[in-house]
Amino acid sequence: MSTLAFGSYIPGKSAVHSLNAQVKIILACAFSLGAFFVEGWLGLGALCALVLAGYAAARLPLGCALGGLRPVALILAVTVLCNALTRTELLGARAAAPGALGMGSFVELGGGWCLSADGVLVGCFFALRIAVLVAACCLLSFTSSATALMSGLRSLLGPLARCGLPVDDLCMVASMALRFLPLVSEELARARRAREARGLCFEGAGPVAAARAWASVLVPSFTGLFKRADRLALAMDARAYGSGPRSSLTARALTARDAAVLCIALAAVLAVAVLL
């Protein structure tokens, strides 16, 4: 579960897996927009409940969501830290700002910096918002194959082709991006195992030693990814990509069940975004 990332597909026969890809794409976009309108913990908790309900309906363990969050763990930690740290002389102005919680408790760190309890709460709120968004997007990819996602995206963007938008090329780029995202995790894991087999230590080392260790992993990983991209470009050129129709994918038609799920889920997201 720890190697799962956005772009991975977990086959299944749940109600979420069988849902039309167009519906899931629309709901993912609506959920992402609605998350930015939520301003309180109650609304964010409701969004978390909706995401957990989606994973339960998809019959996916909670470890899948946690595995999808692992790549953004550093971003979540930095979000909390940046909101928690503040200059000591700015505490009064921060407490007097509209909507502030007050001075609250804080810990002096020296050098004019302090750790604010209110800042920790704000950082946790934004970090949880990011985590909910990533978990929702991972649910989309876990329950939809790349082919289904691209056919659904092509159908949704199809009307824009009349305006000159290269819909087929955009879908191809999105398809390759989805394919390469899990490959990044695979390349990193493979390079790390190779370094560990040669005696390189990642755990318990100092920050300088850890940075050097990870540098020795990132360089071969990105080299391998560029080689894959080069082989992909040569394969596309050998198949005369661009000389004819880009794609022949057709999305599955919406059923009454798909329409009902879309309306109910959109109403739930809208209610949370507006009321909470």
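Above this text is the structure in question.
Reading the values: rules and limits
- Residues numbered from 1 in each chain as written.
- Predicted model: local features only at pLDDT ≥ 70, side-chain atom pairs only at ≥ 80, totals over all residues.
- Heavy atoms only, no water.
- Helix = DSSP H or I, 4+ residues; strand = E, 2+ residues; numbered from the N terminus.
- Buried < 20%, exposed > 50% of the residue type's maximum accessible area, 1.4 Å probe, protein only.
- Contact = heavy atoms within 4.5 Å.
- Areas by Shrake-Rupley, 256 points an atom, 1.4 Å probe, with all protein chains shown as cover.
- Patch = residues over 30% accessible without salt bridge, like charges linked within 9 Å, V, L, I, M, F, W, Y side chains within 5 Å.
- Salt bridge = Lys/Arg side-chain N within 4 Å of Asp/Glu carboxyl O.
- Axes fitted to C-alpha atoms, helices over the stretch in contact; angles between N-to-C directions.
- Parallel < 35°, antiparallel > 145°, perpendicular 65-115°, else oblique.
- Nonpolar A, V, L, I, M, F, W, Y, C, P; charged D, E, K, R; others polar.
- Core = buried A, V, L, I, M, F, W, Y, C linked by side-chain atoms within 4.5 Å.
- Phe/Tyr/Trp six-rings, centres within 6.5 Å; stacked < 30°, edge-to-face > 60°.

### Re the overall build of the protein
Looking only at helices and strands, one finds ten helices and three strands in the protein. Reading the helices (α) and strands (β) of the protein from amino to carboxyl end gives α-α-α-α-β-α-β-β-α-α-α-α-α. Burial status across the protein gives 31% buried among its 276 residues. Once local pairs closer than 6 in sequence are excluded, the contacts in the protein between residues at least 24 apart make up 76%. Entry remark: accessible area of the protein is about 15,800 Å², with carbon and sulfur atoms responsible for 70%.

### Overview of a nonpolar patch on the surface
The grouping of L42, L270, V274, L275 and L276 at the surface amounts to a nonpolar patch, some 550 Å² of accessible area in total. Per-element accounting of the nonpolar patch gives the leading share, three residues, to helix 10 (residues 256–275). Note on placement: L276 falls in the segment after helix 10. Using a relative accessible area of 34% as the deciding quantity, one classes L276 as partly exposed.

### Regarding the packing of helix 1 (residues 21–37) against helix 7 (residues 146–157)
Direction vectors running N to C along helix 1 and helix 7 enclose 75°, while the axes themselves pass 8 Å from each other. In terms of orientation, helix 1 and helix 7 fall into the roughly perpendicular class. Counted together, A21, Q22, I25 and I26 of helix 1 and A148, L149, G152, L153, S155 and L156 of helix 7 form the full contact between these two elements. The residue makeup of the contact of helix 1 with helix 7, split by class, is seven nonpolar, three polar and no charged.

### Details of the packing of helix 1 against helix 6 (residues 117–142)
It is at 10 Å that the axes of helix 1 and helix 6 come closest, and there the two elements cross at 180°. Taken together, helix 1 and helix 6 sit at an angle that is classed as roughly antiparallel. For the pair formed by helix 1 and helix 6, the contact residues are K24, I25, A28, F31, S32, A35 and F36 on the first element and R129, V132, L133, A136 and L140 on the second. Here the contact of helix 1 with helix 6 is composed, by residue class, of nine nonpolar, one polar and two charged.

### Quick look at unusual backbone geometry
Positive phi values are uncommon outside glycine, yet R59 reaches one of about 60°. Along the polypeptide, R59 turns up in the loop between helix 2 (41–57) and helix 3 (62–69). In this structure R59 comes out as exposed when scored by relative accessible area, which is 67%.

### Thoughts on the nonpolar core
Core analysis: the largest hydrophobic core is formed by 24 residues, its most contacted members being F31, L47, V51, Y55, L60 and F142. Listed by contribution, the elements that provide at least two residues to this core are helix 1, helix 2, helix 3, helix 6 and helix 10. With residues up to four places along the chain from it excluded, the contact list for L47 reads F31, A35, V38, V132 and V272. By size, the runner-up hydrophobic cluster in this structure holds eight residues, among which are A28, M150, V167 and C171.

### Concerning the pattern of salt bridges
Within this structure, the stated rule accounts for two salt bridges. Here R257 and D258 are joined by a salt bridge, their closest N and O atoms 3.8 Å apart. For R257, a relative accessible area of 39% translates into the label partly exposed.

### Comments concerning the packing of aromatic side chains
Considering all chains together, one arrives at two aromatic pairs under this definition. Centre to centre, the rings of W41 and F125 are 5.3 Å apart; their planes meet at 80°, and the pair counts as edge-to-face. Here F125 lies in helix 6 and W41 lies in helix 2, a separation of 84 residues in the sequence. Taking 5.8 Å as the distance between ring centres and 75° as the angle between the ring planes, the aromatic pair formed by F125 and F126 counts as edge-to-face. For F126, a relative accessible area of 34% gives the class partly exposed. Through a chain of ring-to-ring contacts, three or more aromatic side chains come together here, namely W41, F125 and F126.

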